[in-house]
Amino acid sequence: ALTVAAPGRKIHQMMSSSWDEFSADGVDTAVHAKHLRVIRGKRVALHDFSVRIARGTVTGLLGPSGCGKTTLMRSIVGTQVVASGTVTVLGHPAGSPPLRRRVGYVTQDPTIYNDLRVIDNVRYFADLYGIPSSAADEAVDGVGLRDHARAYCANLSGGQRTRVSLACALVCQPDLLV
């Protein structure tokens, strides 16, 4: 476990799913945040946060609301303004152009178009990546929605909608999924 202390806040735990997930020597590092400081509004969301996460591992972030979990994920995918520190992802600065096809991001709430069918949502993202539509069929199969591929997303359950969002992130076969 990695202990994170925010100024004026309780200590929060970030749990590792495997003993070797946080690499000490940086070999095969997927994500490296170093002295990360993020300010959201007038509040410090992350203060001097550092972590290395090894490739090929699964990491879960646990903590109460407002402790910086989503801020960290946004920093990793490059959508968060960082006050100071660095975030390196797969050897590149977070959010840099070489990472656009290598990092998939699934938000907490599904980011799909309700007025489109499942397959059309995933094909749309495949097209954005310049990937053949056959990859969309594979992604839909991969998340177990083959039988719902022609269903409109507005008619799906919450879990199915989340799986459509996952298929959209997986269609480019990313090296890292956040």
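Nothing here was measured: the structure is a model prediction, and the numbers come from that model.

Asks: Which parts of the structure should I look at to understand the packing of aromatic side chains?
Replies: The description of two aromatic rings rests on the distance between their centres and on the angle between their planes. All chains considered together, the criterion is met by 2 aromatic pairs. Measuring from ring centre to ring centre gives 5.6 Å for Tyr113 and Tyr124, while their planes differ by 90 degrees; the resulting arrangement is edge-to-face. You can see Tyr113 sitting in the loop between strand E7 (103–104) and helix H2 (118–129) and its partner Tyr124 sitting in helix H2, a full 11 residues away along the chain. On the basis of relative accessible area, Tyr113 is assigned to the partly exposed category, the value being 41%.

Asks: So what exactly am I meant to see when it comes to the nonpolar core here?
Replies: Within soluble globular proteins, side chains that are nonpolar tend to cluster in buried spots. One finds Val118, Val122, Val140, Val164 and Val171 to be the most contacted residues of the largest nonpolar core, which totals 22 residues. At the level of elements, H2, helix H3 (134–142) and helix H4 (158–170) are the ones that each hand at least two residues to this core. The greatest single-element share of this core, amounting to 6 residues, is contributed by H2. Excluding its chain neighbours within four sequence positions, the residues that come into contact with Val118 are Val140, Leu145, His148, Ala149, Ala151, Cys153, Leu156 and Val164. If you look at the next biggest cluster of nonpolar residues, it comprises 19 residues, including Leu46, Ile53, Val87 and Leu176.

Asks: Help me understand the confidence of the model for the protein, please; the structure alone is not making it clear to me.
Replies: It should be kept in mind that the predicted coordinates are not to be read in detail where pLDDT is low. A residue-level look at the protein finds 85% of positions with pLDDT of 70 or above and a mean pLDDT of 87. Per-residue pLDDT, averaged within each element of the protein, yields its smallest value for strand E1 (residues 2–5) (36) and its largest for strand E6 (residues 92–93) (98). Low pLDDT (under 50) marks residues 1–21, which in the prediction has 44 contacts with non-local residues, meaning those over four places away or in another chain.

Asks: I would appreciate a short explanation of a nonpolar patch on the surface in the present structure.
Replies: Taken together, the side chains of Tyr113, Tyr124 and Leu128 make up a nonpolar region of the molecular surface, amounting to roughly 310 Å² of accessible area. Here Tyr124 falls in the partly exposed class, since its relative accessible area comes to 36%.

Asks: Explain H4 here, please?
Replies: Every α-helix winds through 3.6 residues per turn, so residues three or four apart in the chain are directed the same way. Here H4 contains 13 residues, and its C-alpha end-to-end distance of 18 Å stays within 8% of the 18 Å for a straight helix at 1.5 Å per residue. All of the buried residues along H4 are Gln160, Arg161, Val164, Ser165, Ala167, Cys168 and Ala169. On its buried side, H4 packs onto E7, H2, H3 and strand E8 (176–177).

Asks: Before we go on, may I ask you to explain helix H1 (residues 69–77) in this structure?
Replies: All of the buried residues along H1 are Lys69, Thr71, Leu72, Ser75, Ile76 and Val77. With its phi angle positive at about 85 degrees, Gly78 sits one or two positions after the end of H1.

Asks: What exactly am I supposed to notice about the sheet that holds strand E3 (residues 29–40) here?
Replies: In a beta sheet, neighbouring strands pair by backbone hydrogen bonds and run either parallel or antiparallel. Strand order in this open sheet of 4 strands is E4-E3-E5-E6, and the pairing throughout is antiparallel. Because the sheet does not close on itself, it has two edges, and the strands there are strand E4 (43–54) and E6. Both E3 and E4 contribute to a ladder of 8 bridges, which runs antiparallel. When the sheet's bridge partners are listed, Val38 is paired in E4 with Leu46. Where H1 meets the sheet, its contacts fall on E3, E4 and strand E5 (84–89), and the angle it forms with E3 comes to roughly 120 degrees.

Asks: In this structure, what is going on with the environment of Leu145? I would like to understand it.
Replies: Following the sequence through the fold, Leu145 ends up in the loop between H3 and H4. Exposure remark for Leu145: the relative accessible area of 0% places this residue in the buried category. Separated by 15 residues in the primary sequence, Leu145 and Gln160 have C-alpha atoms spaced 7.6 Å apart. For Leu145, the contacting residues outside a window of four places in its chain are Val118, Val140, Gln160, Arg163 and Val164.

Parameters at a glance
- Residues numbered from 1 in each chain as written.
- Predicted model: local features only at pLDDT ≥ 70, side-chain atom pairs only at ≥ 80, totals over all residues.
- Heavy atoms only, no water.
- Phe/Tyr/Trp six-rings, centres within 6.5 Å; stacked < 30°, edge-to-face > 60°.
- Helix = DSSP H or I, 4+ residues; strand = E, 2+ residues; numbered from the N terminus.
- Buried < 20%, exposed > 50% of the residue type's maximum accessible area, 1.4 Å probe, protein only.
- Core = buried A, V, L, I, M, F, W, Y, C linked by side-chain atoms within 4.5 Å.
- Contact = heavy atoms within 4.5 Å.
- pLDDT = per-residue confidence, 0-100.
- Patch = residues over 30% accessible without salt bridge, like charges linked within 9 Å, V, L, I, M, F, W, Y side chains within 5 Å.
- Areas by Shrake-Rupley, 256 points an atom, 1.4 Å probe, with all protein chains shown as cover.
- Salt bridge = Lys/Arg side-chain N within 4 Å of Asp/Glu carboxyl O.
- Expected span 1.5 Å × (residues − 1).
- Pairing = 2+ DSSP bridges.
- Axes fitted to C-alpha atoms, helices over the stretch in contact; angles between N-to-C directions.

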